[in-house]
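So the chains spell out like this:
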Amino acid sequence: MILSARQLALATLDRQLLLERRRLDVEEAVRRVCALQAQSPASPYLALWNRVRDFVPEDLDAAFTDRRIVKATLMRITLHAVHADDYAPYHAAMRSTLRASRLYDRRYTSTELTETAADALLPQLAEFLARPRTGPEVEEEVTAGFGEHAHRVWWALRTYAPIHHVPTGGAWSFTLPNTYLAGPSAPESAPSDAAAGVQRLLLAHLRAFGPASAQDFARFTLLGRKVINQALHELGDQVVRVTGPDRAVLFDLAGATVPAEDTHAPPRLLPMWDSTLLAHAVPGRVMPQAYRPLVVRRNGDMLPTLLVDGQVAGVWRAADGGLELTAFRELGKAAWEGLTEEAEKLATLLADRDPAVYRRYGHWWDKGFAGVECTTVKV
């Protein structure tokens, strides 16, 4: 059986809980979808609102406060919210990549400090972050000995050291200044821990985004091909090969199913940087290639999107106390009715939290969406 592009898109939406909202607690929901992109504090909340039936934002507030769900730099060197039990293995899987992204970067190498100099601070940093601290406090206490380079040493450490971002209150739990706390991962992960972490993360990726290729997993994590191939080999019959469009080699969990091609995909209003759009190799599964430059801006910002029949059809933003929906193509009456219903519900949630969510990204709308005839509806 050769899976079609439509089936792969539906499989992703199904495993991401986007074909039907499920009645799950926030911990189980986060674990089911592997991880939630969290570089914008609001995004994990809006991601779960799209996926969890009767989602209550205060439930996620409490999970962050109790550290049942933690926020940390992980896949793609980006902040993610993950189940607390998954953090240590995911960090072990990513540590080498996270470390290299900073210690081999010119912003660190230009200091002429050695890798050992940064690594030597890990025990002291873990001890200092036994309780929540801000970045300036770390620079004053832990990296101050490096003088003018104190900030760059901390810049490197806060990416690859086992550190959680701690909630500080506000509408979406995390507000400036960022506050940090030592995570449970050991400073020096053994090779066996790293390998086991990659395997666990790969299984989680397939459970949440499969069927997927090795290139898809590399895109989601930035891990190297050799590491990924070794994980696939070690997982043995837990992972099976399936065939995708153009006879592409894909992998999936043994026993996993894929929706039928005629399965209905309901409208959704995804948050900025939703993982659904970031878990597969370009151009992705639910993002038409023609719309990619409109949604993914030059600096990497990924705008909040409209999903219609399982495909990105436009973008949305908060405006004038409600929502503004912009479609990149002509939509039928039923599609607009479905999007409007979703928008009304989301506007109600935002009214109690932050009616102007993502306000700092409004300049992208000011620049327009060249090359397509847009239709805009305000709700």
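About the cut-offs
- Residues numbered from 1 in each chain as written.
- Predicted model: local features only at pLDDT ≥ 70, side-chain atom pairs only at ≥ 80, totals over all residues.
- Heavy atoms only, no water.
- Buried < 20%, exposed > 50% of the residue type's maximum accessible area, 1.4 Å probe, protein only.
- Helix = DSSP H or I, 4+ residues; strand = E, 2+ residues; numbered from the N terminus.
- Arc of directions from axis to C-beta.
- Phe/Tyr/Trp six-rings, centres within 6.5 Å; stacked < 30°, edge-to-face > 60°.
- Lys NZ or Arg CZ within 6 Å of the ring centre and 35° of its normal.
- Contact = heavy atoms within 4.5 Å.

Concerning helix H12 (residues 214-221)
By the burial criterion, the buried members of H12 are Ala 214, Asp 216, Phe 217, Phe 220 and Thr 221. An end-on view of H12 places all buried positions within 160° of arc, on one side of the element. Of the residues one or two after H12, Leu 222 is the one with positive phi, at around 75°.

Quick notes on the packing of aromatic side chains
Using the criterion set out here, one finds 11 aromatic pairs in the structure. With a centroid separation of 5.1 Å and 90° between ring planes, the pair formed by Trp 154 and Tyr 180 is classed as edge-to-face. With Trp 154 in helix H10 (residues 150-160) and Tyr 180 in strand S6 (residues 179-182), the pair connects residues that are 26 residues apart, well separated along the chain. Here Trp 154 matches Tyr 180 in class, with each residue buried. An aromatic cluster is built from Tyr 45, Phe 64, Trp 172 and Phe 174, whose rings are joined through pairwise contacts. Looking at Lys 71, its charged tip hangs above the ring of Phe 174, at a distance of 4.2 Å from the centre. Over the ring of Trp 364 we find Lys 367; its NZ or CZ atom is 5.3 Å from the centre of that ring.

Overview of the environment of Ala 218
Among the secondary structure elements, Ala 218 is positioned in helix H12. Each C-alpha atom, one on Ala 218 and one on Leu 36, is 17 Å from the other, the two residues being 182 residues apart in sequence. Look past the residues within four positions of Ala 218 in its chain and what remains in contact with it is Leu 223 and Ile 228.

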